[in-house]
Amino acid sequence: MGFIAQEQSTEYRELIWPKIGKKLGQQINGKYLDSESSFLTAMLIGYARVSTQDQLLDAQEDLLRGAGCEKILTDKISGTVAERSGLNEVKKLLRSGDTLVVWRLDRLGRSLKDLIDWVAYLDSQGVALKSLHESIDTSTSTGKLVFHLFGALAEFERNLIQERTMMGLSAARARGRLGGRPKLLTADKQQLAVDLYEAKKTSIKKICEMLAISKPTLYAYVRASQGSDSQMIYP
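Model, not experiment: these values are computed from the prediction.

Q: Where do I start with the confidence of the model for the protein in this structure?
A: It should be kept in mind that the predicted coordinates are not to be read in detail where pLDDT is low. Summarising the model, the protein shows a mean pLDDT of 76, and 74% of its residues fall at 70 or more. Of all secondary-structure elements in the protein, the lowest mean pLDDT belongs to strand 1 (residues 27-28), at 40, while strand 5 (residues 99-102) reaches the highest, 94. Considering only residues more than four positions removed or in separate chains, one finds that residues 1-8, a stretch of pLDDT under 50, has 18 contacts. For the stretch residues 20-39, pLDDT sits under 50, and the model shows 35 contacts to residues farther than four places along the chain or on other chains.

In structure tokens, the structure reads:
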């Protein structure tokens, strides 16, 4: 007696087909066979992310559905955050033979290294990565090559930026200019801040408001006037 899937939803695949497959005793690489020995269709699972709560996911979701994604997981959180609930659910859903689809690569990874780590992880699980914007599909040898070329070029660009920055700093030092943020106040205003602090007649809050500086900045000026070895008591 043959068994034919009536739908390809995640629930159907994960709850019904495993039971059928076990009864048939036919399981190959996590894919269950029907009576006609055809593999259960792999899934396209989409992932969409926006950085803030007030941004909309609609456009990304529409593109992912248009690409054939049967299930879409989402996050409304910054890409710099490592722990993302939607992305964690994606990992749980993916099976060997599936494809993870994103609108753009930066929706998935926090950095180039993070993206490369993701591709390595997906590859180890037998899962492909497809990015619609960059037209990358790691299920093909060409897609894998393009992805790693992007990685090499991005690394090359970072090295060039770092090299140019270091050369600029060296040239500035040679001309007597030091890098770093400019001081917030002129020397006269810094001394005024210190005098007001030491006079003990004006509150810390008032001094900071008058000179538009923060408490740590005021304390830094006082420490500098007292010498680096002096001890301060913060009121």
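Q: Would you take a moment to explain the packing of aromatic side chains for this structure?
A: We describe a pair of aromatic rings using the distance from one ring centre to the other and the angle between the two ring planes. For the structure on display, the rule yields two aromatic pairs. Both rings, one in Tyr197 and one in Tyr219, keep their centres 6.5 Å apart while their planes meet at 75 degrees; by these two values the pair is edge-to-face. Remark: Tyr219 occurs in helix 8 (residues 215-226) and Tyr197 occurs in helix 6 (residues 187-199); sequence separation between them is 22 residues. Using a relative accessible area of 6% as the deciding quantity, one classes Tyr197 as buried. Lying over the aromatic face of Trp118, Lys91 brings its terminal NZ or CZ to 5.2 Å of the ring centre.

Q: Can you help me understand unusual backbone geometry in this one?
A: Most peptide bonds take the trans configuration, and most residues that are not glycine carry a negative phi. Positive phi, normally seen in glycine, also occurs at Ser135, with a value near 55 degrees. Looking at the secondary structure, you find Ser135 in the loop between strand 6 (128-131) and strand 7 (136-137). Phi at Ala212 is positive, roughly 55 degrees, even though this residue is not glycine. Note on placement: Ala212 falls in the loop between helix 7 (204-211) and helix 8.

Q: What's the story with the nonpolar core in this structure? I'm lost.
A: In this structure, Tyr47, Leu94, Leu100, Leu108, Leu122 and Leu129 are the most contacted members of the largest nonpolar core, which totals 20 residues. Listed by contribution, the elements that provide at least two residues to this core are strand 3 (44-50), helix 3 (85-93), strand 5 and helix 4 (112-124). Ranked by residue count, the leading element in this core is helix 4, at four residues. Ignoring any residue separated from it by four or fewer positions in sequence, one finds Leu108 in contact with Tyr47, Arg84, Leu87, Leu100, Val102, Asp114, Leu115, Trp118 and Leu129. With 14 residues, the next largest nonpolar core counts Leu185, Ala193, Ile207 and Tyr221 among its residues.

Q: What am I meant to see in the environment of Gln190 here?
A: Here Gln190 shows up in helix 6. The class for Gln190 is buried, based on a relative accessible area of 17%. In this structure, the C-alpha to C-alpha distance between Gln190 and Val222, residues 32 residues apart in sequence, is 8.6 Å.

Q: Even after reading the chapter, I still don't get the pairing of strand 4 (residues 71-76), so can you show me in this structure?
A: Sheet analysis places strand 3 next to strand 4, joined by six bridges and oriented parallel. The residue bridging Ala48 from the neighbouring strand is Thr74, located in strand 4. In this fold, the crossover linking strand 3 to strand 4 by way of helix 2 (residues 58-66) has right-handed handedness.

Q: I would appreciate a short explanation of the pattern of salt bridges in the present structure.
A: Opposite charge on two side chains permits them to pair, given that their charged atoms come into close proximity. Summed over all chains, the structure comprises five salt bridges. Its salt-bridge partner being Asp106, residue Arg107 comes within 3.0 Å of it at the nearest N-O pair. Accessibility expressed as a relative area gives 30% for Asp106, which makes it partly exposed. Put simply, Arg104, Asp106 and Arg107 are held in one network by salt bridges that share partners.

Q: Help me understand helix 2 in this model?
A: Taken together, the buried positions of helix 2 are occupied by Gln60, Glu61 and Leu64. The arc enclosing the buried residues of helix 2, seen along the axis, measures out at 95 degrees, which places them on a common side. Exposed and facing more than 90 degrees away from the buried side of helix 2 are Ala59, Asp62 and Gly66. Packed against the buried residues of helix 2 are strand 3, strand 4 and strand 5. Downstream of helix 2 by one or two residues, Gly68 has phi in the positive range, about 100 degrees.

Analysis parameters
- Residues numbered from 1 in each chain as written.
- Predicted model: local features only at pLDDT ≥ 70, side-chain atom pairs only at ≥ 80, totals over all residues.
- Heavy atoms only, no water.
- pLDDT = per-residue confidence, 0-100.
- Helix = DSSP H or I, 4+ residues; strand = E, 2+ residues; numbered from the N terminus.
- Contact = heavy atoms within 4.5 Å.
- Phe/Tyr/Trp six-rings, centres within 6.5 Å; stacked < 30°, edge-to-face > 60°.
- Buried < 20%, exposed > 50% of the residue type's maximum accessible area, 1.4 Å probe, protein only.
- Lys NZ or Arg CZ within 6 Å of the ring centre and 35° of its normal.
- Core = buried A, V, L, I, M, F, W, Y, C linked by side-chain atoms within 4.5 Å.
- Pairing = 2+ DSSP bridges.
- Right-handed = clockwise from strand over helix to strand, strands pointing away.
- Salt bridge = Lys/Arg side-chain N within 4 Å of Asp/Glu carboxyl O.
- Arc of directions from axis to C-beta.

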